[in-house]
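Architecture at a glance
Chain residues, written in single-letter form:
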Amino acid sequence: MIHRLLLTLLLALPLLPSPAGAASSGAAAPSVDLSILRQFETVFIGLANRVKPTVVSIRAESRIKSSGRRPGKGIPQPNVPRFSSGSGVIIDAEGYILTNNHVGADSSRLRVRLSDKSEYQAKVVGADRYTDLALIKIEPRGPLPVAKLGDSDKVKVGQWAIAVGDPFGITRTFTVGVVSGIGRSGVGIARYEHFIQTDAAINRGNSGGPLVNIEGEVIGINTAIPSPGSGIGFAIPSNMASEVIRHLRRKGSFARGYLGVMIQPVANDMTPLLGLPSAEGALVGRLLPDGPAQSAGIRAGDVIVGLDGRKVLDTAHLQKIVGWTPPGQPVDIQIVRDGKKEHLSVTLARLPDRRGEEKASPKEEPAKDEAYGMNLEGLTPELAKKNQLKSAEGVLIGEVKPGSQAFRDGLRSGMAIRQVTYRAAGDGGVPVRVPIRTLEDFERLLEKIPADTNVLAKIARGSGQGEQVRFLVLHSVRTR
């Protein structure tokens, strides 16, 4: 969109005569005044220079439990690491960084890389999965450049929006667009959604990076795209982030109010039946057992239209008002029941977290891993078809630990080992070629191969062009 806009501006610029003295055989050739476009360039270059140093790259390592078997042992594989990456923005010179909860709050190890390429280990100060925000901290060797948080309530559709981050591991990208919508909800990313929508390019890895305005102020935290290449991205408003940060920095979590109702929107054709003047409010469909609403006398079929004097616009609005009200606090709820308005006093409980309390800090785990670094499983016809392999002979490589010896040898998930060649110690070092048809074949072979022996493996890999076959040397494939 930005390119179309600039092209429109370019075409709209006045055509000026050529400078005096420009010789030509006929009429002077027209020239274009590029001064306006150069002003655009100057503004964006200045923005990039100011904002990019405040943006960081985040690499997170988490542990997942695998059901596969360790090669040659037939016992459960220990937890293996999974790596992910994202972005963040420095909001305090002492090392506080704002990012998305899904970037690394559940990780076992976080590494942060600054614009000067220095790296630090980070800890999670606090996380709030309901807004998908997290606050992490590093211990810098000196003061850091800090981004300024702007007022997202002043954001208007059509204003400039610039996304900064590390999509696909490409550091410090700077993409320009406009705000294409505000107050977006129903995206399905978080419980509390009031997103800023933009057409500035946001891709995987931009999560947690800032969305800034033409002044260089952070107006949002980039968090989601509907699908790759959609041209639409969503950012958490900076004002919502500021509220959450205050809680996370002080307590490590955000205690939210809980009403205990299942609600649904009020449709236009419901209004006469509910005695409402317009399709506003939140219709109570069901009361949750032992919840505050049930204790206060709220019933299914009531329409909640106000809370502590604030008008309830819709279901998302009610969720936000309740969620931002401290638990244990009595509130006045206005309902419409059978066409009549009533007031009820409700003491909100604390919103339960089905996964337990938000993690305050990752636990350190040793980085050393002596295993070869891959999981194997039997290859069935179904798995062969799924991985675009021609037959079910061999063993399927499930997961490959990044950075492991298996990874360095070139093995990847979805490959199949069909044959192994090794030198038999008792036969004068003669190569022995063994076809691998089942997982049991491979495990029996590993018992024969001396420890720390390299082998030549025939590897099959499926692709859109058919099955590809290659040979790889596997270094010290035996694990003991």
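Placed above this text is the structure.
Fair warning: this is a prediction, and the values are worked out from it, not measured in the lab.

Some remarks on the overall build of the protein
- Helices and strands together make up the secondary structure of the protein, namely 10 helices and 28 strands.
- Residues classed as buried in the protein amount to 46% of the 480 residues present.
- Contacts in the protein between residues far apart in sequence, at least 24 positions, make up 60% of those at least 6 positions apart.

Remarks on the packing of aromatic side chains
- Per the counting criterion, the structure on display carries 5 aromatic pairs.
- Between the aromatic rings of Phe40 and Trp160, the centroid separation amounts to 5.8 Å while the plane-to-plane angle is 75°, which identifies the pairing as edge-to-face. Of this pair, Phe40 sits in helix α2 (residues 35-51) while Trp160 sits in strand β9 (residues 160-165), placing them 120 residues apart in sequence.
- Judged by its relative accessible area of 18%, Trp160 falls in the buried class.
- When the ring of Phe195 is compared with that of Phe234, the centres are 5.8 Å apart and the planes differ by 40°; the resulting orientation is tilted. Here the residue Phe195 occupies a position in strand β11 (residues 195-198), and Phe234 occupies one in strand β14 (residues 233-237), the gap between them amounting to 39 residues. Each member of the pair Phe195 and Phe234 is classed as buried.
- Each member of the aromatic cluster is reached from another via a ring pair, and the members are Phe40, Phe44 and Trp160.
- The positively charged end of Arg412 is found above the aromatic ring belonging to Phe407, 3.7 Å away from the centroid.

Quick notes on α2
- The end-to-end C-alpha distance of α2 is 24 Å, a good match for the 24 Å that 17 residues give at a rise of 1.5 Å each.
- When α2 is considered as a whole, its buried residues turn out to be Leu37, Phe44, Leu47, Ala48 and Val51. Each buried residue of α2 sits inside an arc of 100° when the element is viewed along its axis, so together they form one side. Of the residues in α2, the exposed ones pointing more than 90 degrees away from the buried face are Gln39, Thr42, Ile45 and Asn49.

Structural notes on the environment of Leu211
- Mapped onto the secondary structure, Leu211 falls in strand β12 (residues 210-212).
- The class of Leu211 is buried, set by a relative accessible area of 0%.
- On a C-alpha basis, the gap between Leu211 and Ile162 in space is 5.5 Å, while along the polypeptide they are 49 residues apart.
- Ignoring anything within four residues of it in the chain, the contact list for Leu211 reads Ala161, Ile162, Ala163, Ile196, Thr198, Glu217, Val218, Ile219, Gly220, Asn222 and Ala235.

Description of the pairing of strand β13 (residues 218-224)
- Most of β13 is tucked away: 7 of the 7 residues are buried.
- Both β12 and β13 contribute to a ladder of 3 bridges, which runs antiparallel. Of the residues in β13, the one forming a bridge with Val212 is Val218.
- Hairpin connection of β12 to β13: 5 residues between the antiparallel strands, including Gly216 at a positive phi of 85°.

Structural notes on the pattern of salt bridges
- This structure, assessed with the given rule, holds 12 salt bridges.
- The salt bridge partner of Asp128 is Arg256, with a shortest N-O separation of 2.3 Å. Here Arg256 lies in the loop between α4 (238-251) and β15 (257-258) and Asp128 lies in strand β7 (residues 119-128), a separation of 128 residues in the sequence. Accessibility assignment for this pair places Asp128 and Arg256 in one class, buried.
- In this structure, Glu139 and Lys137 form a salt bridge, with 3.2 Å as the shortest nitrogen-oxygen distance.
- Several salt bridges converge on common partners, so that one network encompasses Arg111, Arg113 and Glu119.

Re unusual backbone geometry
- Despite not being glycine, Asp132 shows a phi value in the positive range, around 65°.
- When you line up the elements, Asp132 lands in the loop between β7 and β8 (133-137).
- Backbone geometry places Gln388, a non-glycine residue, at a positive phi of 60°.
- Of note, Gln388 is situated in the loop between α8 (381-386) and β24 (395-400).
- Classification of Gln388 by relative accessible area gives partly exposed; the value is 44%.

Details of the nonpolar core
- Counting 34 residues, the largest nonpolar core has Val89, Ile91, Leu98, Leu133, Leu135, Ile162 and Ile221 as its most contacted members.
- Here the element with the most residues in this core is α4; it accounts for 5 residues.
- For Leu133, the contacting residues outside a window of four places in its chain are Leu98, Thr99, Asn100, Asn101, Ala127, Asp128, Ile221, Ile236, Ala241, Val244 and Leu248.
- Counting residues in hydrophobic clusters, the runner-up holds 23 residues, among them Leu376, Ile417, Ala457 and Leu474.

About the criteria used
- Residues numbered from 1 in each chain as written.
- Predicted model: local features only at pLDDT ≥ 70, side-chain atom pairs only at ≥ 80, totals over all residues.
- Heavy atoms only, no water.
- Helix = DSSP H or I, 4+ residues; strand = E, 2+ residues; numbered from the N terminus.
- Buried < 20%, exposed > 50% of the residue type's maximum accessible area, 1.4 Å probe, protein only.
- Contact = heavy atoms within 4.5 Å.
- Phe/Tyr/Trp six-rings, centres within 6.5 Å; stacked < 30°, edge-to-face > 60°.
- Lys NZ or Arg CZ within 6 Å of the ring centre and 35° of its normal.
- Expected span 1.5 Å × (residues − 1).
- Arc of directions from axis to C-beta.
- Pairing = 2+ DSSP bridges.
- Salt bridge = Lys/Arg side-chain N within 4 Å of Asp/Glu carboxyl O.
- Core = buried A, V, L, I, M, F, W, Y, C linked by side-chain atoms within 4.5 Å.

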